[in-house]
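Residue-level structure breakdown
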Amino acid sequence: MPEGVNRQWLLAKRPAGLPKEDDFELRESETPRPEHGEVLVRLEYLSLDPYMRGRMNEGKSYAPGVQIGEVMTGEGVGVVVESHSDAISVGDHVAVRSGWQEFVTAHVSATRKIDSKAAPVSTGLGVLGMPGLTAYFGTLDVLEPRPGDTFVVSAASGAVGAIVGQIAKMAGCRVIGIAGSSEKVSYIIDELGFDAAINYKTESVPERLAELCPDGIDCYFDNVGGVTTDAVLDNLATGARIAICGQIAHYNDVEQAMGPRNLRSLLVAQARMQGFLVFQFAQKHPVALARLSKWVSEGRLKYREDIVDGIENMPKAFIGLLQGANFGKLLIKV
Ligand SMILES: NC(=O)c1ccc[n+]([C@@H]2O[C@H](COP(=O)([O-])OP(=O)(O)OC[C@H]3O[C@@H](n4cnc5c(N)ncnc54)[C@H](OP(=O)(O)O)[C@@H]3O)[C@@H](O)[C@H]2O)c1
């Protein structure tokens, strides 16, 4: 049993707008002890995800918020250092809802075994974890892409968006990504094989979408909301499908955002707009993970990780994520 200190990040204050580093507090506590049926996990990677911003707020959402003084919520992958269950051995790797900390105890039923020989364990938080599954179900089950469709995805170089675009290419679509820097735009075209890309920080999204999609947009995977989504709605093809995955442009809003006002576009295009959560497909996750793993091992699905060293840098990296500083799936190496 490893003795010692467990560093944890707590929610210190509820942020107004973009979080600040002093909204979080680093605490040292004792390493927890596992009970019967539980394992003790030493975290190797911790995931940073946009949804965590919502959990810092008070009020109702699809999951309860973090209370002041509680460990920040999140998922990690790590190695089992003590086991009180026959199902998992010391040395096995697992993914677990760990929170922002170095050690966690969990019942084995709340862990997912990771095959450390098949792919780097960090992928269990990215392409072979929640973001990969989000991309898979949002693309295939919600948008139902058809060969020849014009498919647009926003936050296109990110953990979810980069996988979305590649799956849409496999489905035979013409894929256009929207991202926030020239490096991100080059990456999705040159390395991931998207057909075109728009830098929303330097180009006019409405104009470029009209140019690139003369017959309209059949599928839109929305990660951002705001003016980008307004521009897409003005360029829909008849029978378009829109998957509302995320609305990151609004996560730091202090006042409720206005709009969209152009919902008449849905009427004219006889379009369908549908929000979804990755968890609603939980029963199908194992099948999807097997397919995603196969695509990764065959080199058909590429992924990029942005790994920041040291748990002490977690708040800073998280604030950067909400401003587009990450390039690929953002992870903390503990
Ligand atoms: N529905 C679900 O079950 C589910 C599950 C997972 C994730 N999500 C959502 O999916 C989206 C992407 O998540 P992710 O984990 O893949 O994150 P990510 O794309 O790896 O990182 C977030 C990216 O969002 C972009 N961004 C930040 N602020 C923005 C703004 N104001 N306007 C436009 N873009 C902005 C930035 O890229 P640029 O430099 O390109 O701006 C940033 O790098 C998020 O909205 C998240 O909440 C939903």
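Above this text sits the structure in question.
Residues numbered from 1 in each chain as written. Predicted model: local features only at pLDDT ≥ 70, side-chain atom pairs only at ≥ 80, totals over all residues. Heavy atoms only, no water.

What follows deals with the site of the ligand. Taken together, the neighbourhood of the ligand is formed by 27 residues, with Val160, Lys184, Tyr200, Tyr251 and Asn326 sitting nearest. Between Tyr251 and the ligand, the recorded distance is 2.7 Å, taken from a side-chain N or O atom to an oxygen atom. In isolation the ligand exposes 920 Å². Once the protein is present, 91% of that is buried. Taken together, the residues of the shell around the ligand sort by class into 17 nonpolar, nine polar and one charged. When residues of the shell around the ligand are assigned to domains, at least three fall in each of domain 1 (5-125 + 304-333) and domain 2 (130-279). (Near = heavy atom within 4 Å. Polar contact = N/O pair within 3.5 Å; in protein donor to acceptor, adjacent residues only side chain to side chain. Areas by Shrake-Rupley, 256 points an atom, 1.4 Å probe, with all protein chains shown as cover. Nonpolar A, V, L, I, M, F, W, Y, C, P; charged D, E, K, R; others polar. Domains from an automatic or database assignment.)

Now for the side chain of Asn252. Relative to the helices and strands, Asn252 is located in the loop between β12 (236-244) and α7 (264-269). Reaching out from Asn252, the side chain makes a polar contact with the side chain of Arg53 at a distance of 2.7 Å. For Asn252, the residues in contact, after removing those within four places along its chain, are Gly17, Leu18, Pro19, Arg53 and Leu322. (Helix = DSSP H or I, 4+ residues; strand = E, 2+ residues; numbered from the N terminus. Contact = heavy atoms within 4.5 Å.)

Tallied over the full model, the rule gives 14 salt bridges. Between Arg14 and Glu58 there is a salt bridge, with the nearest N and O atoms lying 4.0 Å from each other. Separated by 44 residues along the polypeptide, Arg14 in the loop between β1 (5-11) and β2 (24-30) and Glu58 in the loop between α1 (51-55) and β4 (76-83) bring together distant segments of the chain. The class of Arg14 is partly exposed, set by a relative accessible area of 25%. Its relative accessible area of 66% is what places Glu58 among the exposed residues. Here Glu298 ties to Arg300 by a salt bridge, and the two come within 3.8 Å at their closest N and O atoms. In this structure, a network of salt bridges that share partners links the residues Arg7, Glu102 and Glu312. (Salt bridge = Lys/Arg side-chain N within 4 Å of Asp/Glu carboxyl O. Buried < 20%, exposed > 50% of the residue type's maximum accessible area, 1.4 Å probe, protein only.)

Another aspect to go through is the sheet that holds β12. Strands sit in the order β10-β9-β8-β11-β12-β13 across an open sheet of six strands; the sheet is parallel. The open sheet is flanked by β10 (196-199) and β13 (272-275), the only strands paired with a single partner. Neighbour to neighbour, the strand axes of the sheet diverge by 15 degrees on average, direction disregarded. Bridge analysis of strand β9 (residues 174-179) against β10 gives four bridges, and the strand direction is parallel. When the sheet's bridge partners are listed, Ile178 is paired in β10 with Ile198. Contacts from helix α4 (residues 182-191) reach β9 and β10, with the element oriented near 170 degrees to β10. (Pairing = 2+ DSSP bridges. Axes fitted to C-alpha atoms, helices over the stretch in contact; angles between N-to-C directions.)

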